[in-house]
Amino acid sequence: ILLRRRGLVTPVALLPVLLRTLRLEDRALRDMVEGHIVADIGGSQQSHKDERTRRALQVVLFEAVASCKTAAAAANSAKGNANTASFVSGKVVDGDDGGDEVLARRSLQILRELYRKRIWTDERTVNAIATALLSGVPKLVAIAARFFLGIEERMAADAHMVDEDQLAAIEEMN
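Being a predicted model, the structure only gives us computed values, none of them experimental.

Trainee: Tell me what's going on with the side chain of His36, and back it up with residues and numbers.
Mentor: Mapped onto the elements, His36 comes out in helix 3 (residues 27–47). The residues touching His36, leaving out its near neighbours within four places in the chain, are Ile1, Arg5, Leu14 and Leu18.

Trainee: Account for a nonpolar patch on the surface, naming residues and giving values.
Mentor: There is a patch of nonpolar side chains on the surface, built from Leu133, Leu134 and Phe148 and spanning about 290 Å² of accessible area. On the accessibility criterion, Phe148 (36% relative accessible area) is partly exposed.

Trainee: Which residues make up empty space enclosed by the protein, and what values go with them?
Mentor: For the structure shown, the criterion picks out 1 cavity of 30 Å³ or more. For the largest cavity, the calculated volume is near 40 Å³. Lining the largest cavity, in full, are Pro11, Leu14, Leu15, Leu18, Ile37, Asp40, Ile41 and Leu57. Listed by contribution, the elements that provide at least two residues to the lining of the largest cavity are helix 2 (11–21) and helix 3. With 4 residues, helix 2 is the largest single contributor of residues to the lining of the largest cavity. Classifying every residue of the lining of the largest cavity gives 7 nonpolar, no polar and 1 charged.

Trainee: Tell me about helix 3, residues and numbers included.
Mentor: With 21 residues, helix 3 should cover 30 Å at 1.5 Å per step; its first-to-last C-alpha distance of 30 Å lies within 8% of that length. Inspection of helix 3 places Arg30, Val33, Glu34, His36, Ile37, Val38, Asp40, Ile41, Gly42, Ser44 and Gln45 among the buried residues, and these make up the whole buried set. N-capping of helix 3 is provided by Asp26, with a side-chain oxygen placed 3.4 Å from the backbone N of Ala28.

Basis of the calculations
- Residues numbered from 1 in each chain as written.
- Predicted model: local features only at pLDDT ≥ 70, side-chain atom pairs only at ≥ 80, totals over all residues.
- Heavy atoms only, no water.
- Helix = DSSP H or I, 4+ residues; strand = E, 2+ residues; numbered from the N terminus.
- Contact = heavy atoms within 4.5 Å.
- Patch = residues over 30% accessible without salt bridge, like charges linked within 9 Å, V, L, I, M, F, W, Y side chains within 5 Å.
- Areas by Shrake-Rupley, 256 points an atom, 1.4 Å probe, with all protein chains shown as cover.
- Salt bridge = Lys/Arg side-chain N within 4 Å of Asp/Glu carboxyl O.
- Buried < 20%, exposed > 50% of the residue type's maximum accessible area, 1.4 Å probe, protein only.
- 1 Å grid on protein atoms, 1.4 Å probe; cavity = no way out; pocket = protein on both sides within 12 Å on 5 of 7 lines; lining within 4 Å.
- Points joined across faces, edges and corners; volume = space filled by probe spheres on them.
- Nonpolar A, V, L, I, M, F, W, Y, C, P; charged D, E, K, R; others polar.
- Expected span 1.5 Å × (residues − 1).
- Polar contact = N/O pair within 3.5 Å; in protein donor to acceptor, adjacent residues only side chain to side chain.

Okay, here's the thing in structure tokens:
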């Protein structure tokens, strides 16, 4: 993170490393890393609009979301109905560490947050979130469905909060 702030590492090189840390069990660390990813992408997109960098970052995040979809499809075809039963019962099937699911879930949350903050509001981002609806992984489907059902209200509430903060700052100046 410090190397990125000093400009020694590009965001495209740092993002895969940070995404790997999202698989760790430490919740505070995952929350900090997720917040840093959103802030870093937001800051780099606001300071200068580099289309190639934005596309490369999107590809990394989109592939992380899609990796769970392909892993779930491969596991379903290889293990038959045993894997489907494990999703319902919550049991872990041999060889299924859930790392791809955690990574996909966190990547989807990052995409959702970037859209909510109006950093990435293009159709590619929405399509990547929509692919999670078809993933077959219940947690991804739930996150994507909540995004589509409530994003406009959250964005309106965020805009209202910004307006109130600006009014409070103006009143303090007077």
